[in-house]
Amino acid sequence: MKKLLTAALVLLFVLAGCGTSSNTDSNEKLIIGVDDTFAPMGFRDENNELVGFDIDLATMIAEKIGIEIVFQPIDWAMKETELNSNNIDLIWNGYTITDKRKEQVNFTTPYLENRQIIVVLADSDINYKADLAGKSLSVQKESSALEAVLKEADLAASLKDGAPVEFDTNIDCFMDLEAGRSNAIVCDEVLARYVMKQRGAEKYRVLEDNFGEEEYGIGVRKSDTELLEKLNTALKDAKSDGSYDTLYQKWFAE
Amino acid sequence: MLIGKLILPLFEGTLVTLQVFAITFAVSLPLAILLASIQAARIKIINLFFQLFIMIERGTPLLLQMMFVFFGLPYMGVTLDRETSIYLAFVLNYTAYFMEILRGGINSVDSGQLEACQVLGYSRFASYVRVILPQALQACFPSIGNEVLTLIKDTSLITVLGASELLKAGRSAVNTYGTAVPFIYVGIIYLMLTTTAEFLLKKTEKKMDPVQGE
């Protein structure tokens, strides 16, 4: 028993040591909160390295501003809480600008356009938005897709069970669609096209109708107005000097 | 090949899972033994506090406790980093469960033994540590084993604070490669971890048994 206790104490001290050292490390750097399961914006490659369009863009912008950044994976459902409790400094990972979110965070100027598209299986009999009545529609929880669907209250109420089905991740929605439990999903176009390519585009059909066009922005704490301006200037520079386009081609060229 | 791309991310995820498991277990079980022993001394005011502690820890979800420690405590002026929050929440929660298990174990030992020890001239402390506690531990060993397996699986909750453990690594791979196959590998790894734990538990249980052991 004595040995076990000693081992536990040693572990506790090692642990305490780790905790404090990592804390002082990240104090002066800007911490960017990312959902590292969100391909192609931010995800892990085979070396477990964080890669993606937003990761590259953030690195480029940080260089332009001359600040150091670190990426902190977060649970996407907790992103605004993480920001407002100072655990992260920016939300930057396919973060759609919405009115509801504007109440909690400041957004930079949009840097990428996106639509909320409706995806069904190739042989589905759903052709228009109106066909969704009585059907099961799934979306990612806490996502802008969910917000877009709920905005059309009549349509949302006409769905099976009177509301969309919410899943943890978009890929869960796709799997549920293929399993035949969901009849349609609503999802960011950027992500949907990537997933469809991975899973076999011929299996799906994208409807002409959609749930509106949207834009991605960087989420900044309301009090960080100086940082917001710096980011906006750097984004503008990146777009005018062509470095943004190079990056865009790298990730989104067909 | 998909599996080649998955090896490293899943391996690193497994390391995080193992780390959280090992530290939580190594801290909470000894702590619970200590606290349960204090509880066995039946000091009213202290036991009232223990009861309250156990009620809160067992009565609310561990997920909520983690979120409270990380997101809630800063409102009270206590800001902990991610790792510390995870370990604090896990250790407190598992200490509470282990304490309840141990309480049962200690109660199961016939109180006549304590009297017998005193007749033989042992101090109260010595008789507790040398006679009562070993029997109590042996009696509640299967229940502790249960908690060990639960703990291995509960580590998957830490993703809510942004930690990248095994299940998260699997989910990430599912999103990246657009297939659910990584979940199968994740399941296999969890099974490997739990069966190894079960094997070690069985071995320890045999060793503790005065009849079968050394």
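For the structure, see preceding data.
Caption draft 1: Spatial organisation of the overall build of chain B. Per the secondary structure count, chain B includes nine helices and zero strands. The principal-axis extents of the C-alpha atoms in chain B amount to approximately 70 × 50 × 20 Å. Burial status across chain B gives 47% buried among its 214 residues. Taking contacts inside chain B between residues at least 6 apart in sequence as the whole, the part at least 24 apart equals 74%. Separation between the mean location of the 15 positive side-chain charges and that of the 14 negative ones in chain B comes to 1 Å.

Caption draft 2: Representation of the pairing of strand E9 (residues 137–140) of chain A within the structure. Residue and element names in this part refer to chain A. Residues Leu137 and Val139 point to one face of E9 and Ser138 and Gln140 to the other, with burial holding for every one of them. In this sheet, strand E11 (residues 184–188) lies alongside E9 in parallel orientation, the contact comprising two bridges. Bridge assignment links Leu137 to a residue of E11, and that residue is Ala184. Sheet topology places E9 next to strand E10 (residues 165–167); three bridges connect them, and they run parallel. Along E10, the bridge assignment pairs Gln140 with Phe167.

Caption draft 3: Up close: the sheet that holds strand E1 (residues 30–34) of chain A. Residue and element names in this part refer to chain A. Judged by pairing direction, the sheet is mixed, and its five strands sit side by side in the order E5-E1-E6-E13-E7 without closing on themselves. Of all the strands in the sheet, just strand E5 (69–73) and strand E7 (106–107) have a single pairing partner and so form its edges. Where strand E6 (residues 90–91) meets strand E13 (residues 219–220), two bridges bridge the pair, whose relative direction is antiparallel. Bridge pairing in E13 links Leu90 to Val220. Packing of helix H2 (residues 53–65) onto the sheet brings it into contact with E1 and E5, and relative to E5 it is tilted by some 155 degrees.

Caption draft 4: Structural detail: helix H7 (residues 141–154) of chain B. For H7 of chain B, which comprises 14 residues, the first-to-last C-alpha distance of 20 Å matches the rise-based estimate of 20 Å (1.5 Å per residue) to within 8%. Taken residue by residue, H7 of chain B has Phe141, Ile144, Gly145, Glu147, Val148, Leu149, Leu151 and Ile152 of chain B as its buried positions.

Caption draft 5: Inspection of the nonpolar core at higher detail. Within the largest apolar cluster, 60 residues are counted, with the highest numbers of intra-cluster contacts made by Met66, Ile86, Phe90, Leu102 and Ile144 of chain B. Only helix H1 (2–40), helix H2 (44–59), helix H3 (62–72), helix H4 (82–108), helix H6 (124–139), H7, helix H8 (166–177) and helix H9 (181–208) of chain B provide two or more residues apiece to this core. Beyond its immediate chain neighbours, meaning those up to four positions away, Leu102 of chain B contacts Ala32, Ile33, Ala36, Leu137, Cys140 and Ile144 of chain B. If you look at the next biggest cluster of nonpolar residues, it comprises 47 residues, including Phe43, Leu50, Tyr216 and Tyr244 of chain A.

Rules of the game
- Residues numbered from 1 in each chain as written.
- Chains lettered and ligands numbered in written order.
- Predicted model: local features only at pLDDT ≥ 70, side-chain atom pairs only at ≥ 80, totals over all residues.
- Heavy atoms only, no water.
- Helix = DSSP H or I, 4+ residues; strand = E, 2+ residues; numbered from the N terminus.
- Buried < 20%, exposed > 50% of the residue type's maximum accessible area, 1.4 Å probe, protein only.
- Contact = heavy atoms within 4.5 Å.
- Lys, Arg positive; Asp, Glu negative; His and termini not counted.
- Charge placed at Lys NZ, Arg CZ, Asp CG, Glu CD.
- Pairing = 2+ DSSP bridges.
- Axes fitted to C-alpha atoms, helices over the stretch in contact; angles between N-to-C directions.
- Expected span 1.5 Å × (residues − 1).
- Core = buried A, V, L, I, M, F, W, Y, C linked by side-chain atoms within 4.5 Å.

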